[in-house]
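Residue-level structural notes
Take a look at the letters that make up each chain.
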Amino acid sequence: MNSIIACHDCDLLLTLPELEMGVVAECPRCGAFLRRTQFNSLNRTLGWVSAGLVLYVIAVSFPFLSMTTKGISKTTALTSGIVVLYQQNMAGMGAVVLVTCLLAPLFSMLSLLYVLAPLRLGYRFPWAAQLFAWYLRLRPWSMMEVYMLGILISMVKLTKMALVIPGPSFYSFIGLIFVLAASSVSLDPHLVWSKLAKAHRVHQEWYPLFRFTHEKS
Ligand SMILES: [Zn+2]
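Residues numbered from 1 in each chain as written. Predicted model: local features only at pLDDT ≥ 70, side-chain atom pairs only at ≥ 80, totals over all residues. Heavy atoms only, no water.

1. Some details on the pattern of salt bridges
Between side chains of opposite charge, pairing is possible as soon as their charged atoms come close. Throughout the structure, instances matching the rule amount to one salt bridge. Here R35 ties to D188 by a salt bridge, and the two come within 2.9 Å at their closest N and O atoms. Taken as a pair, R35 in strand 4 (residues 33–36) and D188 in the loop between helix 6 (168–186) and helix 7 (189–198) lie far apart in primary sequence, 153 residues in all. Taking relative accessible area as the criterion, D188 reaches 4% and is therefore assigned buried. (Salt bridge = Lys/Arg side-chain N within 4 Å of Asp/Glu carboxyl O. Helix = DSSP H or I, 4+ residues; strand = E, 2+ residues; numbered from the N terminus. Buried < 20%, exposed > 50% of the residue type's maximum accessible area, 1.4 Å probe, protein only.)

This is the structure we're talking about:
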């Protein structure tokens, strides 16, 4: 099925045909990259998202760092930094860190799971298209790597004063950064939009009982 798209750089309207695997589409006017088909995109993205959710649960549930100095040990959690910012009258900054480092990645993973898992079976849950549009809009606001960079700099400084031992949450958080990047790379938004248009709608009246009615969109 051909789809009409606008070049995101020069707004030229183009009819994009079904692309074969590995073929790259570029704008004929400005040369901007338009689309590259991904091998097994839905399954790979779902795999990465599932792995990401497991890592996220570990990252928020287990100790992040433990510090020992002069015989006194202290264990911190991933959310400790946000709590400290709030306690030091920097609630606004704490809220930004909370949204960009914890809530945005969680929203990304849950919305992808909600949209892609039923889509793989040919179904479309209520609000799936709106949720996917929000995912694409909010994707640049996931800034875990910036938070991680700040933590690493603090750790290097702390090692001069205390014995710093990273916990399971620390390694999960690093893994999560790479897993989310991989899910973003393996996702083909054009494929998702085209599948959403063709999928059977799960009737809203039956939701959330997930009784599938075969109403063609
Ligand atoms: Zn263009």
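The structure having been displayed, the exposition proceeds.
2. Section: the coordination of the zinc ion
Each pair of donors in an ideal four-coordinate tetrahedral metal site encloses 109.5 degrees, whereas pairs in an ideal six-coordinate octahedral site enclose 90 or 180 degrees. Bound to the zinc ion are the protein donor atoms C7 (SG), C10 (SG), C27 (SG) and C30 (SG), situated 2.3 Å from the metal. Every donor residue of the zinc ion comes from the same chain, spaced as C-x2-C-x16-C-x2-C. On the criterion of sequence distance, the pair formed by C7 in the loop between strand 1 (3–6) and strand 2 (13–16) and C27 in the loop between strand 3 (24–26) and strand 4 is long-range, its members being 20 residues apart. One exposure class covers both C7 and C27, and it is buried. (Donors = N, O, S within 2.8 Å, 3.2 Å for Na, K, Ca; no water.)

3. Observations regarding the nonpolar core
Residues V115, L116, Y147, F173 and V192 are the most contacted members of the largest nonpolar core, which totals 43 residues. Broken down by element, the residue count for this core peaks at nine residues, all from helix 3 (residues 91–120). (Core = buried A, V, L, I, M, F, W, Y, C linked by side-chain atoms within 4.5 Å.)

4. Side note on the packing of aromatic side chains
Overall, the coordinates contain seven aromatic pairs when judged by the stated rule. Between the aromatic rings of Y147 and F173, the centroid separation amounts to 6.1 Å while the plane-to-plane angle is 80°, which identifies the pairing as edge-to-face. Placement of Y147 in helix 5 (residues 144–158) and of F173 in helix 6 is noted, with a sequence separation of 26 residues between them. Considered together, Y147 and F173 belong to a single accessibility category, that of buried residues. Of the aromatic side chains, those joined through ring pairs into one cluster are F64, Y147, F170, Y171 and F173. (Phe/Tyr/Trp six-rings, centres within 6.5 Å; stacked < 30°, edge-to-face > 60°.)

5. Quick word on the pairing of strand 6 (residues 72–76)
Pairing between strand 5 (residues 65–69) and strand 6: five bridges, direction antiparallel. Residue L65 lies in a different strand from strand 6, and its bridge partner there is T76. Between strand 5 and strand 6, which pair antiparallel and follow one another directly, the connecting turn spans two residues, one of which, K70, has a positive phi of 50°. (Pairing = 2+ DSSP bridges.)

6. Overview of the sheet that holds strand 6
The strand order across the open sheet formed by three strands is 6-5-8, and the pairing between neighbours is antiparallel. This sheet does not close on itself; its edge strands, each paired only once, are strand 6 and strand 8 (163–166). Strand-to-strand, the axes of this sheet are offset by a mean angle of 15°, without reference to chain direction. (Axes fitted to C-alpha atoms, helices over the stretch in contact; angles between N-to-C directions.)

7. Let's talk about the environment of S184
On the secondary structure map, S184 appears in helix 6. Separated by 22 residues in the primary sequence, S184 and A162 have C-alpha atoms spaced 37 Å apart. Apart from residues lying up to four places away in sequence, S184 is in contact with Y135 and R139. (Contact = heavy atoms within 4.5 Å.)

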